[in-house]
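The primary structure of each chain is shown beneath.
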Amino acid sequence: MQEMLRKRLIDALDGCRLRVCSDAELDEQPRLDACADENEFASRVVEVGMHLALRRRLEERRNEIEAALKRMDTGCYGNCEECGEEIGLARLTANPTASLCVHCQADNERGLLRRCA
C-alpha cells in the first residue's frame, strides 16, 4: 500500500512542475503608461497576482509532498506528528501528504479558527 501512495506522491510532485510564468515575465511590472487604459492595467495586475498565487501554492504543495516522501524514507510516514498515533489508511489514501491524524487535524483547525475570531 505504501508503494502505491509513494507513486501517487511522485506523480503529484511531477504535476507541481507545471509551467507557471517565469520570473522574467513576472518582473515586467505592469505600468499604467504601457497599457491602453486603466482597465488593461487592472487586468494585468490581476493576472500577475494570480500567477504569483499559483506559484506560491505549487511551491507549498511541492514542499508538502517532499516532506511526505522524506517521512516515508525515514519510516515515520503514516504516524501523526502530533500524537504519534497511526494515521488511518482512508485518510492517507484521500490525502497522501497528511501528517496529522483526523483528531489532531480537527484540533489544529479549531485552534486556527479561535485565533481568527
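To be clear, the structure that these remarks concern was listed above.
Residues numbered from 1 in each chain as written. Predicted model: local features only at pLDDT ≥ 70, side-chain atom pairs only at ≥ 80, totals over all residues. Heavy atoms only, no water.

Draft legend 1. Summary view of the pattern of salt bridges. Enumeration over the complete set of coordinates arrives at 9 salt bridges. A salt bridge links D11 to K7, with the nearest nitrogen and oxygen atoms 3.0 Å apart. Highlighted residues: D11 and K7, both in helix α1 (residues 2–15), separated by 4 residues, approximately one helical turn. The partner of E60 in a salt bridge is R57, with the nearest N and O atoms 3.4 Å apart. Of this pair, E60 and R57 are both found in helix α3 (residues 38–74), 3 residues apart, which corresponds to roughly one turn of the helix. The class of E60 is partly exposed, set by a relative accessible area of 41%. Classification of R57 by relative accessible area gives partly exposed; the value is 39%. When salt bridges that share partners are traced, they join R57, E60, R61 and E64 into one network. (Salt bridge = Lys/Arg side-chain N within 4 Å of Asp/Glu carboxyl O. Helix = DSSP H or I, 4+ residues; strand = E, 2+ residues; numbered from the N terminus. Buried < 20%, exposed > 50% of the residue type's maximum accessible area, 1.4 Å probe, protein only.)

Draft legend 2. Fine view of the nonpolar core. If you look at the biggest cluster of nonpolar residues, it comprises 17 residues, and the most contacted ones within it are L9, I65, L69, M72, Y77, C80 and L92. Elements represented by at least two residues in this core include exactly α1 and α3. Examining the composition of this core, we find that 5 residues originate from one element, α3, more than from any other. Setting aside chain neighbours within four positions, we find L92 in contact with L5, Y77, G78, I87 and A98. (Core = buried A, V, L, I, M, F, W, Y, C linked by side-chain atoms within 4.5 Å. Contact = heavy atoms within 4.5 Å.)

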